[in-house]
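# Architecture at a glance
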Amino acid sequence: MNKPWQDKLRKITPYVPGEQSKDPDIVKLNANENPYPPSPRVQQALRAFHADGLRLYPDANATQLRTALARHFGLAADQVFLGNGSDDVLALCFQAFFCADKPIFFPDLTYSFYPVWCSLFHIPYRTIPLDDQFRIRPDDYAPANGGVVLPNPNAPTGIGEGLDFVRRLLDNNPDAIVIVDEAYIDFGGTSALPLLDEYENLVIVQTMSKSRSLAGLRVGFALASPALIAVLEAVKNSYNSYTMDSVTLAAATASVEDDAYFRQTCAQVVRTREQTARALQALGFTVLPSLTNFLLVTHPAAPAQALFDALRARKIFVRYFHLPRIDNHLRITIGTDEEMDRLLAALRDILAN
Ligand code: PMP
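Here's a quick rundown of the structure. (Residues numbered from 1 in each chain as written. Predicted model: local features only at pLDDT ≥ 70, side-chain atom pairs only at ≥ 80, totals over all residues. Heavy atoms only, no water.)

### Topic: unusual backbone geometry
Put simply, the rule is: Here a strand is any run of E in DSSP of at least two residues, a helix any run of H or I of at least four, and the numbering for each starts at the N terminus. For every residue, the accessible area obtained with a 1.4 Å probe (protein chains only) is divided by the maximum for its type, and the residue is called buried under 20%, exposed over 50%, and partly exposed between those limits.
Across the junction of Asn152 and Pro153, the peptide omega takes the value -5 degrees, indicating a cis bond. Its place among the elements puts Pro153 in the loop between strand 5 (148–151) and helix 5 (163–171). A cis geometry characterises the amide bond from Ala155 onward to Pro156, with omega recorded as 10 degrees. In this fold, Pro156 is placed in the loop between strand 5 and helix 5. With a phi angle near 50 degrees, Ala62 is a residue other than glycine that sits in the positive phi range. By secondary structure assignment, the location of Ala62 is in the loop between helix 1 (40–48) and helix 2 (63–73). Looking at Ala62, the relative accessible area reads 4%, which means it is buried. If you check the backbone angles, Lys315 has positive phi at about 65 degrees while not being a glycine.

### Describing the site of the ligand
To be explicit about the condition: Throughout this document, a residue counts as near a molecule or strand when at least one of its heavy atoms sits within 4 Å of that molecule or strand. Pairing of N or O atoms within 3.5 Å defines a polar contact, subject to two protein rules: one partner must be a possible hydrogen donor and the other a possible acceptor, and residues neighboring in sequence count only if both atoms are side-chain atoms. Note on areas: Shrake-Rupley, 1.4 Å probe, and residue coverage restricted to the protein chains presented here. Gly is put with the polar residues, along with every residue not named as nonpolar or charged; the nonpolar set is Ala, Val, Leu, Ile, Met, Phe, Trp, Tyr, Cys and Pro, and the charged set is Asp, Glu, Lys and Arg.
Near the ligand, the surroundings consist of 13 residues, among which Ser86, Tyr184, Thr207, Ser209 and Arg218 are the closest. Tyr184 places a side-chain nitrogen or oxygen 2.7 Å from an oxygen atom of the ligand. In isolation the ligand offers 400 Å² of accessible surface; the protein chains occlude 91% of this area. With three residues, helix 3 (residues 86–97) is the single largest residue contributor to the shell around the ligand. Of the residues in the shell around the ligand, the class split is five nonpolar, four polar and four charged.

### Here's the deal with helix 5
Quick note on the threshold: Of all possible arcs, the one meant is that of the directions from the helix axis to the C-beta atoms.
Those residues of helix 5 that fall on the buried side of the exposure criterion are Phe165, Val166, Leu169 and Leu170. End-on, the buried residues of helix 5 take up no more than an arc of 135 degrees, which puts them together on one face.

### Looking at the environment of Ala252
Along the polypeptide, Ala252 turns up in helix 7 (residues 246–256). In sequence terms Ala252 and Ser39 are 213 residues apart; their C-alpha atoms lie 9.8 Å from each other.

### Concerning the packing of aromatic side chains
Stated formally: A pair of aromatic rings is counted whenever rings of Phe, Tyr or Trp (Trp by its six-membered ring) have centres within 6.5 Å, and the orientation is called stacked for planes under 30 degrees apart, edge-to-face for over 60 and tilted otherwise. For a lysine, the NZ atom is tested; for an arginine, the CZ atom; a charge sits over a ring if that atom is within 6 Å of the ring centre and within 35 degrees of the ring normal.
Here the structure, examined in full by the defined rule, presents 17 aromatic pairs. On the numbers, 4.1 Å between centres and 5 degrees between planes, the contact of Phe113 with Trp117 is stacked. The pair Phe113 / Trp117 is uniform in exposure class, with both members buried. Members of the aromatic cluster, each reached through a chain of ring pairs, are Tyr15, Phe94, Phe98, Phe106, Tyr111, Phe113, Tyr114, Trp117 and Tyr125. A cation over a ring is seen here: Arg312 above Phe317, with NZ or CZ 4.5 Å from the ring centre. Of note, Arg331 hangs over the ring of Phe294, and the distance from its end group to the ring centre comes to 5.7 Å.

### Examining the nonpolar core
Applied cut-off: We call a set of buried Ala, Val, Leu, Ile, Met, Phe, Trp, Tyr and Cys residues a nonpolar core when their side-chain atoms join them within 4.5 Å. What makes two residues a contact is simply this: any of their non-hydrogen atoms within 4.5 Å.
In terms of nonpolar packing, the biggest core is built from 47 residues, with Leu65, Leu69, Leu202 and Met208 touching the most fellow members. Going through the elements one at a time, helix 2, strand 2 (80–83), strand 5, helix 5, strand 6 (178–181), strand 7 (202–207), strand 8 (220–224) and helix 7 are the ones with two or more residues in this core. Counting residues per element, this core draws most heavily on helix 2, at five residues. Not counting the four nearest positions on each side in its chain, Met208 is found in contact with Leu65, Leu69, Ser213, Leu214, Ala215, Val219, Phe221, Ala252 and Val256.

### Here's the deal with the state of the cysteines
Rules: Count a disulfide wherever a pair of cysteine sulfur atoms falls within 2.5 Å.
Taken as a whole, this structure holds zero disulfides when the rule is applied. Here Cys93 stays unpaired: no disulfide links it, and the sulfur of Cys99, its closest cysteine neighbor, is 11 Å away. Residue Cys93 is classed as buried on the basis of its relative accessible area, which comes to 0%. Left without a disulfide partner, Cys118 is nearest to the cysteine sulfur of Cys99, which lies 12 Å away. The exposure class assigned to Cys118 is buried, which follows from its relative accessible area of 2%.

### Some details on the packing of helix 1 against helix 7
Heads up, the rule is: Fitting a line to C-alpha atoms yields each axis, with helices limited to the stretch in contact; the angle taken between N-to-C directions then spans 0 to 180 degrees. Between 65 and 115 degrees an angle is taken as roughly perpendicular, under 35 as roughly parallel, over 145 as roughly antiparallel, and anywhere else as oblique. Crossing handedness is defined as follows: a turn of the near helix away from the far one that is anticlockwise and smaller than a right angle gives a left-handed crossing, while the clockwise case is right-handed.
Taken N-terminus to C-terminus, the directions of helix 1 and helix 7 make an angle of 150 degrees; their axes are 8 Å apart at the nearest point. Put simply, helix 1 runs roughly antiparallel to helix 7. In this structure, the crossing between helix 1 and helix 7 has a hand that is right-handed. Listed contacts from helix 7 to Arg41, Val42, Ala45 and Leu46 of helix 1 are Val247, Ala250, Ala251, Ala254 and Ser255. For the contact of helix 1 with helix 7, the class distribution of residues is seven nonpolar, one polar and one charged.

These figures come from the coordinates and say nothing about function on their own.
Dropping the structure here:
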């Protein structure tokens with residue numbers, strides 16, 4: 001029998017991230033992590049960090065990292081907000097900006113954390129179907145809404161849209177906050193950054209988890225008008241003043257200051273992505289055009305779930321989503337050239353049997 005207090009407990013279905021494994025033999029292509037190490041300057045910053053500094057609370061305003069990011073993007077420091085990974089930043093954005101009674105809009109196929117936050121924060125939402133080509137139509141987001149959030153490039157499709165698309169989305173939504181989740185922007189996408197001056201209701205969210213190889217450090221940030229950043233700060237400071245720890249602040253600042261390394265590793269991931277896409281097509285896969293560090297693929301003769309299992313048996317982890325429209329697709333993160341060679345060899349073998 002239920003105890004009376006059980007009725008008072010929160011019932012929620014959480015977001016489930018890609019499986020993590022400590023087995024060094026595994027080719028891990030399931031969580032869109034970067035296969036290259038972070039900038040060597042991150043290692044130097046960690047080595048130089050004195051534990052004595054941990055006696056004190058970190059800088060709640062994260063001034064050093066904020067300033068480094070503002071400089072990197074050509075913005076003012078009051079246009080930058082930091083959080084413990086972009087999941088933290090997005091969760092705070094949902095609480096700060098989606099307070100209307102009307103539903104917020106996001107695509108039916110998108111980052112599956114969005115509906116979880118809606119459920120956690122009691123935000124009504126409506127999902128808008130992608131078109132037949134898995135693309136987002138900005139005019140579908142014109143009806144009155146409580147806000148808009150979507151990734152560009154989208155995940156898990158990988159498809160990226162240009163500046164005209166974001167402009168259209170913003171012109172369709174002068175009365176709501178539009179959040180563009182640019183988690184994968186550094187792999188060839190077009191950032192909405194140039195539109196920040198023009199649209200006070202635009203919020204761009206980015207992460208250091210993918211393009212800066214810092215998924216384990218947990219750093220995400222929002223770029224927006226000072227008015228919106230002030231609201232984010234107020235919500236954060238009503239919840240946890242110190243989302244960013246001192247070690248993270250030092251290491252992340254070192255990463256931002258090494259632009260050459262950042263560009264070089266992103267370019268390498270893009271090169272490997274294009275090679276892998278061609279090789280997968282040669283094996284009969286349909287590959288969606290990707291501007292990210294992953295590919296969404298399907299094979300006419302080999303069911304995705306069976307391929308997922310067969311790859312797993314060969315210690316190659318990819319991602320399979322049991323979701324309408326993509327339940328015969330696999331999402332494959334771009335690893336090193338060697339890792340992709342191992343994947344392709346395994347697929348050749350599986351498809352031959
Ligand atoms: N947005 C999208 C679209 C993502 O795929 C992810 C990664 N799961 C995130 C945000 C969150 O990334 P992080 O919290 O590591 O910054």
